[in-house]
Amino acid sequence: MRVIAGTARSLPLKAPKGLDTRPTTDRIKETLFNMIQNRVPDGIFVDLFAGSGAMGIEALSRGARHAYFIENDREALSCIRDNLSFTKFTDRATLLRQDAVSALSMIPEREVDILFMDPPYRMECERDIFSALSRQSYVTQDTLIIVEAHLSRAFDFVGDLGFMVEREKRYKTNKHVFCRKEAL
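The structure reproduced in this document is the subject of the present report. The model shown is predicted, which means the values in this text are computed figures rather than measured ones.

Inspection of the secondary structure puts S52 in the loop between strand 1 (44-48) and helix 2 (54-61). In this structure the side chain of S52 is engaged in a polar contact, spanning 3.2 Å, whose partner is the backbone nitrogen of A54. The contacts of S52, once residues within four sequence positions are left out, are M1, K14, A15, P16, I57, C79, I80 and N83.

What follows is the structure in C-alpha cells.
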C-alpha cells in the first residue's frame, strides 16, 4: 500500500495487522481519486473508519487543506500516527479516537468538502452514520459523501434521511456510493 499521487507520491504506508481492516487497494484508490480530483485541493476531507489512514493521507498528498481521521481501534490509530509522521502531514491532520457517530459532532468545520467512509461490512452502520450526518451543519449540498460498501449493500434508505445517491461505481468485490444532501 502506498500514496498514489501528490507531494507524498510513492511513499509506502503501514496497515494494521489482522482482519479488522480492509485497506482499499491502490487500484481502487487511484480510480476514486481520479474521479474526485478537482474537489480535493484546498478542501476539508474526513476519513471515517480510517483504518491505516490511507484515504485521508492520499487527500492530503493531493492538496487537501486538512483531514480528519476517525478511528476507534488502538492499533489502527497507532498506524495512522506513524503514516502521518512518515508522510509529514501531522500538522494538517486531526485524529479522533472514538466511535464514528460520536466523532461526527466533534468536527468544528463550517463545511466539509468530502467525507469518505469505509465501515466494516458486518456492522451495517451506514444508516446510523447518515442519520448523524443529517444533523451536522458542516454537511451541505456541496459535501460529497462517499461510502465504500459491499456490492449487495442497498442505499435506498438515504432518501428518508435527506440525502440522495448521485452515482455508484462498481468494482469486482465492492462499490463506491456517492451521496449528497438533497436540496430543500
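With that out of the way, let us pick up the pairing of strand 2 (residues 66-70). Where burial is concerned, most of strand 2 is hidden: five out of the five residues are buried. On strand 2, burial covers both faces: H66, Y68 and I70 on one face and A67 and F69 on the other are all buried. Sheet analysis places strand 1 next to strand 2, joined by five bridges and oriented parallel. Paired with L48 across the bridge in strand 2 is I70. As paired elements, strand 2 and strand 3 (residues 93-96) share four bridges and run parallel to each other. Residue A67 lies in a different strand from strand 3, and its bridge partner there is A93. Handedness of the crossover joining strand 2 and strand 3 through helix 3 (residues 74-87) is recorded here as right-handed.

Before going further, it helps to spend a moment on the pattern of salt bridges. For the structure on display, the rule yields ten salt bridges. Notably, a salt bridge pairs K29 with D26, separated by 3.9 Å at the nearest N-O pair. With K29 and D26 both in helix 1 (residues 26-36), this residue pair falls three residues apart, about one helical turn. Looking at D26, the relative accessible area reads 21%, which means it is partly exposed. Ionic contacts of the salt-bridge type, sharing partners, join the residues R2, D26, K29, E58 and R62 into one network.

For the rest of this paragraph, the subject is the nonpolar core. Of all hydrophobic cores here, the largest spans 30 residues; its most connected members are L104, M117, F130 and I145. Elements with a minimum of two residues in this core: strand 1, strand 2, helix 4 (100-104), strand 4 (114-117), helix 5 (126-133), strand 5 (144-150) and strand 7 (174-181). Among the elements that take part in this core, helix 5 stands out by supplying four residues, more than any other. Among residues more than four places away in sequence, those in contact with I145 are L115, M117, F130, L133, V139, F163, V177, F178 and C179. If you look at the next biggest cluster of nonpolar residues, it comprises 26 residues, including A8, A50, I57 and F178.

Turning to helix 3, a few remarks are in order. Helix length check: helix 3, at 14 residues, gives a terminal C-alpha distance of 20 Å against a target of 20 Å (1.5 Å per residue), a fit within 8%. In this structure, the buried residues of helix 3 make contact with helix 2, strand 2 and strand 3. Capping the start of helix 3 is the job of one residue whose side-chain oxygen sits 3.1 Å from the backbone nitrogen of E75: D73. Positive backbone phi, at 65 degrees, marks K88, one or two positions downstream of helix 3.

Considered for burial, the residues of helix 5 that qualify are E126, I129, F130, A132 and L133. Seen end-on, helix 5 carries its buried residues on one side only, within an arc spanning 160 degrees. Buried residues belonging to helix 5 abut strand 1, helix 4, strand 4, strand 5, strand 6 (163-170) and strand 7.

A separate point is the sheet that holds strand 6. Paired through their backbone hydrogen bonds, the strands of a sheet run either parallel or antiparallel. Taking strand neighbours across the sheet as the criterion, the seven strands line up as 3-2-1-4-5-7-6 in an open arrangement whose pairing is mixed. Two strands in the sheet have a free side with no partner beyond their single neighbour: strand 3 and strand 6. For this sheet, the mean inter-axis angle between neighbouring strands, taken without regard to orientation, is 20 degrees. Where helix 3 meets the sheet, it contacts strand 2 and strand 3, and its direction lies at approximately 170 degrees from that of strand 3.

Right, let's talk about the packing of aromatic side chains for a bit. Counted by the stated rule, this structure contains four aromatic pairs. Taking the centre distance of 6.0 Å and the plane angle of 75 degrees together, the rings of F130 and F157 count as edge-to-face. On the criterion of sequence distance, the pair formed by F130 in helix 5 and F157 in the loop between strand 5 and strand 6 is long-range, its members being 27 residues apart. Here F130 and F157 have matching classes, each one buried. Taken together, F130, F155, F157 and F163 form an aromatic cluster joined through their ring pairs. Stacked on the ring of F155, the Lys or Arg R153 has its end atom at 5.9 Å from the ring centre.

Reading the values: rules and limits
Residues numbered from 1 in each chain as written. Predicted model: local features only at pLDDT ≥ 70, side-chain atom pairs only at ≥ 80, totals over all residues. Heavy atoms only, no water. Helix = DSSP H or I, 4+ residues; strand = E, 2+ residues; numbered from the N terminus. Polar contact = N/O pair within 3.5 Å; in protein donor to acceptor, adjacent residues only side chain to side chain. Contact = heavy atoms within 4.5 Å. Buried < 20%, exposed > 50% of the residue type's maximum accessible area, 1.4 Å probe, protein only. Pairing = 2+ DSSP bridges. Right-handed = clockwise from strand over helix to strand, strands pointing away. Salt bridge = Lys/Arg side-chain N within 4 Å of Asp/Glu carboxyl O. Core = buried A, V, L, I, M, F, W, Y, C linked by side-chain atoms within 4.5 Å. Expected span 1.5 Å × (residues − 1). Arc of directions from axis to C-beta. Axes fitted to C-alpha atoms, helices over the stretch in contact; angles between N-to-C directions. Phe/Tyr/Trp six-rings, centres within 6.5 Å; stacked < 30°, edge-to-face > 60°. Lys NZ or Arg CZ within 6 Å of the ring centre and 35° of its normal.

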